[in-house]
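Next come the chains, spelled out residue by residue.
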Amino acid sequence: MKTKLLSEKWWMTLLTAAGLLSAVNVFADPPAANPSPASALPFPLIERFENYTEKDGLPAHKAHAVLKASDGRLWVGTYNGLLVRAQDGTYHRYGPEDGLSHKMVMCLVEDPQTGDIWAGTMRGLNRVSGGRITAYYQTDSGLPNNVVYGVGIREDVLWVATAAGAGALNLKTGSWKIYDHNNSIMHEPWCYSIACAKDVVYIGVWGGGIVEHDPKLGTFKEYRDPDGDFQYILVPDSGPINDITSWVAWDDGVLWQATYFGLARYDGARWRTWVAAKSPLASDFVNFVWSHRHVGWVGTDRGVSVTDGSTWVNYLVGEHGEGLMEIHRPNQPVEKRTMTTALPNSFVLGIYVDDDDVWFATSNGLSHGVFAPHSKPATVAEAR
Amino acid sequence: MRSNRSAPGGLAAICSCHANAGRLPRWLGIVAAVGLLAVLSQGETPETSQAASFKIGLLLPPTEADAGDIRRGAELGVAAVNRQPGARVELIVRGQAGQWGSDGNEAVVLALDDGADALLAPSSGATVHQALQVAGRTRVPVVSLCPDTSVTRAGVPWTVRVASRTDDEAAALFAAIKQATGKTSLSVVALVPPERAGREAGKDLQHAARGANVEVVQTISVAPGDTHFTPLLQPALAARPDAILLWLDAPEAGRLARAVRAAGFAGRLAGPGGLCCPAFFRAGGGSVEGVLIPVPPAITSPGEMRERFQKDLVEGSPLAGETASRPPANQPPNLTVALAFDAVLVLADVLRHAESRPVFREFPLTRSLSGVTGELLFDREGNRRVSLQVLELRANGSVTVVWPQPAAP
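Computed from a predicted model, the values in this text were never measured in an experiment.

A. Here's a closer look at unusual backbone geometry. With an omega of -5°, the peptide bond running from F363(B) to P364(B) counts as cis. Mapping P364(B) onto the fold places it in the loop between α12 (335-354) and β11 (369-371). Here W403(B) and P404(B) are connected by a cis peptide whose omega angle stands at -10°. Structurally, P404(B) can be placed in the segment after β14 (399-403). Positive phi, close to 50°, is recorded for D252(A), a residue that is not glycine. Phi at R240(B) is positive, roughly 45°, even though this residue is not glycine.

Rendered as structure tokens:
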């Protein structure tokens, strides 16, 4: 049945594509009128998306995580294995037949000291080193649980967020520590994400907000939704937006919390919260957030929001699959543009951003966001 | 590998074909438009492809006190669904006793390795939350039997619960007890399970009490298998509550009902709808007399669907400790079995209706279905929309509706 459906869809696609060659004058959007210069925004704009799907060699239509390593290779966690793209454009897939602990790869991090890639899957943790995979399971290591939702590295310790606690693997000694509701402040043991900061580790807890752990001092601090059990935000900007934390990200002193009820940011002194009904946030259902230079790149079920807390840009997929860009500047009318390309799917599960470009893992493929010309920060230019 | 696909299917070539647009006949454009609409109507790539049968994964740790009831209900539901025309439904059951997180592992196996198109999660809040965590990342739909309010407050859009919420059940009970006692305010003691389950139940009971001029003067944890009830009950009885809430698994609640009555408590006993089952009657013996429980009205209303369900339930292989004999005429069916049955009806309806579309797109559920426990209708958060009635149990297994008071003939 599945084969037949795909076949019909393929023929329909061919016919459609051919027909559109003749009909483009009827259907084409007029060119955007006098678009604002990207340089006027506090972060780069995406001018087009380059999308990669199963037809292009992706091992599954669903991509869950994406990471550009320091050597320039792109790692993609998919529903069906771990994909790596070398800089020369060649691809290699790691699957269970190569020792990967499970086909579905949820999260990725690079060890900055060794270049090893750590991949969390729905059944076990994996270290990819020199093209070889070492798998870790709860039954043969100190991994708290096989369902690994998040990974992070701080100094010589790999941190994992699992369905039954957070684990810390000392990469020098190979010893593990486990933190859960029995030996820490965690309200629930269900760790859904993890982010390593300069001195502390932030654990996103399903039902327990965010737990801040200082490994040196051995202390724990809890950030909980001040509204308690209410799913509605009674007091904005007062703390985490909800106790169900779907993702946490940290960069340069700024902590972001993704939840299924909105987005929150903490700069060490003040919380800010955003919900879709009262802000430009694309959707309250936030899967993921990536923090880069104090800007949050937010993956939701309705596209991507990018914000520094004041200016917002949303990348959405229109009813007919067209790309839509909304620019929300403070105290200005919303500027809407139709893009020539779009995200392959509005359900965005993972994001990677650096000064050069952005990558999106979505429910229907991988997408490369190409920035419009923008001035890069001086520190980056100097580093090169 | 690079393509300029801006949308699935038909939009694949839009962005790269402008230069050749004028060379083909215009009629082809009309054909293309039709094709485009057809392709777009399929939305994104289905995460569950259309198939001749669907798989429902039942996440069922054997340590759940009502595991047998849930399995029985799910199996009866699958049998009922497969008697109807449409794609067949297959039930896969997984669960193991183990440390925290085992249920997450099992949910992963069901959803990703067994290929379950949707999950049925049991009445334990901890188990359901682990299923929801998997659902959050995979978008596999979950229908749960858990009454904890925290379940639908997790915010996962592709989930509903068929059981009533604990705070709604408690509110109905408080109203019934006030009516029976003629009091406008009440003091109650709650007996709850230990650890997380008790914490969540206690929280929900407190919430209901706050809105009903009721004071929960004590919440006492009862460890499974504990037989030394005297030190446990002394403070509860000393508080002289108007009612004691037996918010426990059915066998445990039955044993506590006996202990409370033996200790001389003459006030009201009440408990969740899950006590509407043979296990409570067996464990409680004569002490179930007068116990109040909230249930959906349909469970006591004669009807073709309920009668067929009751017949299948009685004629099927009995659960451990049960006999296959027909229960008293007005004894309602085992509520947990009925809820599991209805959960399968909901999932089967969703899966069949989704056809080739991703199943999660069916949520929030807006269609209404008829189930053994009444109309299966849900609010946007996935909570069952159902009014409750309160039954007074008799030791012989029969029941009387005591709230809302039946209209005079």
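Let us keep going from here.
B. Layout of the nonpolar core. Among the nonpolar cores identified, the biggest contains 164 residues, and L125(A), W297(A), Y315(A), F360(A) and L191(B) are the most heavily contacted of them. Considering each element in turn, this core owes the most residues, 15 residues, to α12(B). Lining this core are residues from two domains, each supplying at least three of them: domain 1 (53-164 + 334-376) and domain 2 (166-295 + 388-403) of chain B. Residues in contact with Y315(A), not counting those within four places in the same chain, are P44(A), L45(A), I46(A), F49(A), R302(A), G303(A), V304(A), V306(A), L324(A), M325(A), M339(A) and L343(A).

C. Geometry of the side chain of R384(B). Residues and elements named next belong to chain B. With respect to the helices, strands and loops of the structure, R384 is situated in the loop between β12 (374-376) and β13 (389-393). D342 is the oppositely charged side chain nearest to the buried, salt-bridge-free R384, at an N-O distance of 4.8 Å. Separated by 3.2 Å, the side chain of R384 and the backbone oxygen of E375 make a polar contact. For R384, the contacting residues outside a window of four places in its chain are R161, V162, A163, L339, T373, G374, E375, L376, L377 and F378.

D. Looking closely at the environment of H187(A). Along the chain, the position of H187(A) falls in the loop between β13 (176-179) and β14 (191-196). Considered as a pair, H187(A) and V205(A) are 18 residues apart in the sequence and their alpha carbons are 8.1 Å apart. Beyond its immediate chain neighbours, meaning those up to four positions away, H187(A) contacts G207(A), G208(A), E222(A), R224(A) and R199(B). For H187(A), the side chain forms a polar contact with the side chain of R199(B), separated by 3.4 Å.

E. Summary view of the pairing of β14(B). All names here are of chain B. Both β13 and β14 contribute to a ladder of four bridges, which runs antiparallel. Bridging from a neighbouring strand, V390 pairs with W403 of β14. Connecting the antiparallel pair β13 and β14 is a turn made up of five residues, with G397 showing a positive phi of about 100°.

F. Seen up close, the state of the cysteines. All names here are of chain B. In the structure shown here, the tally under the stated rule is zero disulfides over all chains. Looking at C277, it has no disulfide partner, and the nearest cysteine sulfur is the one in C276, 7.3 Å off. On the accessibility criterion, C277 (3% relative accessible area) is buried.

G. Structural view of the pairing of strand β23 (residues 295-300) of chain A. Residue and element names in this part refer to chain A. In terms of burial, β23 is a largely internal element, six of the six residues being buried. Of the two faces of β23, the one lined by V295, W297 and G299 and the one lined by G296, V298 and T300 are each fully buried. The pairing of strand β22 (residues 286-292) with β23 spans six bridges and is classified as antiparallel. By the bridge assignment, V286 is partnered in β23 with T300. Across five bridges, the pairing between β23 and strand β24 (residues 303-307) is antiparallel.

H. Structural detail: the packing of aromatic side chains. Scanning the entire structure with this criterion turns up 26 aromatic pairs over all chains. Here the aromatic rings of F309(B) and F341(B) are separated by 5.0 Å at their centres, their planes lie at 70°, and the arrangement is edge-to-face. Taken as a pair, F309(B) in helix α11 (residues 304-315) and F341(B) in helix α12 lie far apart in primary sequence, 32 residues in all. Taking the relative accessible area as the measure of exposure, F341(B) reaches 6% and is therefore buried. Taken together through their ring pairs, the aromatic side chains of Y149(A), Y192(A), W206(A), Y260(A), F285(A), F347(A), W158(B) and F360(B) make up a single cluster. Taking the ring centre of Y192(A) as reference, the NZ or CZ of R137(B) above it sits at 3.8 Å. Looking at R139(B), its charged tip hangs above the ring of F347(A), at a distance of 3.5 Å from the centre.

I. View of the environment of N126(A). All names here are of chain A. Topologically, N126 is positioned in strand β8 (residues 124-129). On a C-alpha basis, the gap between N126 and H102 in space is 9.2 Å, while along the polypeptide they are 24 residues apart. Apart from the residues lying within four places of it in its own chain, the contact partners of N126 are G99, L100, S101, I117, W118, A119, T121, I133, T134 and A135. There is a polar contact of 2.9 Å between the side chain of N126 and the backbone nitrogen of S101.

J. Examining the sheet that holds strand β2 (residues 63-68) of chain A more closely. All names here are of chain A. On the basis of which strands lie adjacent, the open sheet formed by four strands has the order β2-β3-β4-β5 and antiparallel pairing. Since the sheet does not close on itself, it has two edges, and those belong to β2 and β5 (91-94), each with one partner. Sheet twist, expressed as the mean angle between neighbouring strand axes with direction ignored, is 20°. With five bridges connecting them, strand β3 (residues 74-78) and strand β4 (residues 81-85) associate as antiparallel partners. By the bridge assignment, W75 is partnered in β4 with V84.

K. Inspection of helix α9 (residues 250-262) of chain B at higher detail. Residues and elements named next belong to chain B. Taking 1.5 Å per residue as the helical rise, α9 with its 13 residues ought to reach 18 Å, and the 18 Å between its terminal C-alpha atoms agrees with that figure. Among the residues making up α9, those that are buried are A250, E252, A253, G254, L256, A257, A259 and V260. Trailing α9 by a residue or two, G264 shows a phi angle of about 95°, which is positive.

L. Expanded view of the sheet that holds β22(A). Residue and element names in this part refer to chain A. Pairing within the open sheet is antiparallel, and its six strands lie in the order β22-β23-β24-β25-β26-β27. Strands at the two margins of the open sheet, each flanked by one partner only, are β22 and β27 (335-339). For this sheet the average axis-to-axis angle between neighbouring strands, irrespective of direction, equals 15°.

M. Representation of α12(B) in the model. Residues and elements named next belong to chain B. Helix length check: α12 (20 residues) gives 28 Å between terminal C-alpha atoms against 28 Å at 1.5 Å per residue, within 8%. By the criterion of burial, α12 is predominantly enclosed, with 17 of the 20 residues buried. Immediately beyond the C-terminal end of α12, within one or two residues, lies E355, with a positive phi of roughly 50°.

Thresholds, definitions, all that
Residue positions are counted from 1 within each chain, in the order its sequence is given. All chains are assigned letters beginning at A, and all ligands numbers beginning at 1, according to the order in which they are written. Given that this is a predicted model, residues contribute local features only at a pLDDT of at least 70 and side-chain atom pairs are listed and counted only at 80 or more, while totals for whole chains, interfaces and linings are drawn from all residues. For the side-chain quantities, the full set of heavy atoms in the structure was used; hydrogens and water were omitted. Strands here mean DSSP runs of E at least two residues long; helices mean DSSP runs of H or I at least four residues long; both are numbered from the N terminus. Buried Ala, Val, Leu, Ile, Met, Phe, Trp, Tyr and Cys residues that are joined via side-chain atoms within 4.5 Å together make up what is termed a nonpolar core. Note on exposure labels: buried denotes an accessible area under 20% of the residue type's maximum, exposed denotes more than 50%, and partly exposed covers the range between, all computed with a 1.4 Å probe on protein chains only. Domain borders in the structure are assigned automatically or taken from a domain database. We call two residues contacting when some pair of their heavy atoms lies within 4.5 Å. By the counting rule applied here, Lys and Arg register as positive and Asp and Glu as negative, while His and the ends of each chain are not counted. Any carboxyl oxygen of Asp or Glu within 4 Å of a side-chain nitrogen of Lys or Arg constitutes a salt bridge here. In the analysis that follows, any N or O atom pair within 3.5 Å is treated as a polar contact, provided that within protein one partner can donate a hydrogen and the other can accept it, and provided that, for residues neighboring in sequence, both atoms belong to side chains. Two strands pair under a simple rule: DSSP has to find at least two bridges between them. Cysteine sulfur atoms are paired as a disulfide whenever they come within 2.5 Å of each other. Here a pair means two rings of Phe, Tyr or Trp (six-membered ring of Trp) with centres within 6.5 Å. Their orientation is stacked below 30 degrees between planes, edge-to-face above 60, and tilted elsewhere. Here, a charge over a ring is recorded when the distance from Lys NZ or Arg CZ to the ring centre is within 6 Å and its angle to the ring normal is within 35 degrees. Axes here refer to lines fitted to C-alpha atoms; in helices the fit is confined to the stretch in contact. Angles between the N-to-C directions go from 0 to 180 degrees. To estimate the expected span of a helix, count its residues, drop one, and scale the result by 1.5 Å.

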